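A look at the structure
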Amino acid sequence: MPMIRDGIENVRGMVLPDGIADDGHSVGFSRAALVSWHSGLEGKLHQVYVNDRFAGATLDPAQRQLVVQLPSSFEAAVRLEVTAVEPEEAHVDFADALGFTPIDSTRVRLTLLRNQDLPLGATANVYCDHGTGQIDYEAPLNREPVPLWPCRQDKAGFGMAQFATGDFGYESAAAVGFGQGSFGHGQFGLDADTVDWVSPDLSLGTYRFGVSVTDLHGDESAASETEPITVVPPARPAAGCEIVTFDPANNQLTLSVADQP
């Protein structure tokens, strides 16, 4: 049975302090947090996901809180989600099925197909338009060229022997193989290799990238260009908030917010 997301409400996370000083300020070096929620589901266990990753599961169907570990996050708020599953699936990671859309990343990931036709020792350079609409091919965005085929043992070889029986990577012995890479682009796993390149942090804007390949002789290919990619930095978490008073009769909380530089 798939996970259940309906019927779970009021998900809250509270960082647990490792200690409290005389002035009332706390420290939380361990970054442990107590996650609590309301759920009307019976006979189910609940899972907690932190920033789209499986963080833990409850042990009892009546349990409605769980302590999880938070990542270091100085520029963005931590995302929490609680789901319900059958007890036998409590430790099955359903992160891929949650359907999260990473729209708030400040980095762009480009996936390059490492085709067997690329020459030995070939490297790739990534260029960017820096939000201007015109890609700058004078200065690559990567600090070092991206290696594609650094050594001959990785190449498929001459194809004269049986699959995966050659020596030193020849005859496809070192090829990615079935289902390990971008399967479907080549023959029986050949050309399935992919190379990922991740950009440095980018500010808010729309960017276009160009990728070219250079061989050992310094000859550079024509660039392949991407479509415009929008980068949206994540919202910063609330900072400088302090509780002034709380009136339990009216359920009214008063906060003060300090000016941030």
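The structure contained in this document is the topic of the report that follows. (Residues numbered from 1 in each chain as written. Predicted model: local features only at pLDDT ≥ 70, side-chain atom pairs only at ≥ 80, totals over all residues. Heavy atoms only, no water.)

Helix and strand counts for the protein chain stand at 0 helices and 18 strands. Taken across its 261 residues, the protein chain has 30% of its residues classed as buried. A sequence separation of at least 24 residues applies to 60% of the contacts in the protein chain between residues at least 6 apart. (Helix = DSSP H or I, 4+ residues; strand = E, 2+ residues; numbered from the N terminus. Buried < 20%, exposed > 50% of the residue type's maximum accessible area, 1.4 Å probe, protein only. Contact = heavy atoms within 4.5 Å.)

Attention shifts here to the packing of aromatic side chains. Applying the stated rule across the entire model yields 2 aromatic pairs. With a centroid separation of 5.1 Å and an interplanar angle of 55°, the aromatic rings of tyrosine 127 and tyrosine 137 are classed as tilted. Residue tyrosine 127 is found in strand S10 (residues 123-128), and its partner tyrosine 137 is found in the loop between S10 and strand S11 (146-147); the two are separated by 10 residues along the sequence. You can call tyrosine 127 buried: its relative accessible area is 5%. (Phe/Tyr/Trp six-rings, centres within 6.5 Å; stacked < 30°, edge-to-face > 60°.)

Below, the discussion takes up the pairing of strand S6 (residues 53-57). Examined bridge by bridge, strand S5 (residues 45-50) and S6 share 4 bridges and lie antiparallel to one another. When the bridges of S6 are listed, tyrosine 49 appears paired with phenylalanine 54. (Pairing = 2+ DSSP bridges.)

On to the sheet that holds strand S4 (residues 32-39). Read from one edge of the open sheet, 3 strands run S1-S4-S7, paired in antiparallel fashion. Edge positions in the sheet fall to strand S1 (8-15) and strand S7 (65-69), since each has one partner strand and no second. For this sheet the average axis-to-axis angle between neighbouring strands, irrespective of direction, equals 25°. (Axes fitted to C-alpha atoms, helices over the stretch in contact; angles between N-to-C directions.)

Within the secondary structure, asparagine 10 is located in strand S1. Among the residues examined, asparagine 10 registers a relative accessible area of 41% and is labelled partly exposed. C-alpha separation for the pair asparagine 10 and serine 39, spaced 29 residues apart in sequence, amounts to 8.7 Å. In contact with asparagine 10, other than residues within four places in its own chain, are Ser36, Trp37 and His38. A distance of 2.9 Å separates the side chain of asparagine 10 from the side chain of histidine 38, its partner in a polar contact. (Polar contact = N/O pair within 3.5 Å; in protein donor to acceptor, adjacent residues only side chain to side chain.)

As a further point, take the sheet that holds strand S8 (residues 80-85). With antiparallel pairing, 3 strands are arranged side by side in an open sheet as S6-S5-S8. Each edge of the open sheet is held by one strand with a lone partner, namely S6 and S8. Neighbour-to-neighbour, the strand axes of the sheet open up by a mean angle of 30°, direction not taken into account. For S5 and S8, the ladder comprises 6 bridges, and the chain directions are antiparallel. Paired with leucine 45 across the strands is valine 85, a residue of S8.

Remark: a regular strand shows side chains that alternate across the two faces of the sheet. Burial along strand S9 (residues 109-113) is one-sided: Leu110 and Leu112 are buried, and none of Arg109, Thr111 and Leu113, which face the opposite way, are. Alignment of S9 against strand S12 (residues 194-198), held across 5 bridges, turns out to be antiparallel. Bridge pairing in S12 places leucine 110 opposite tryptophan 197.

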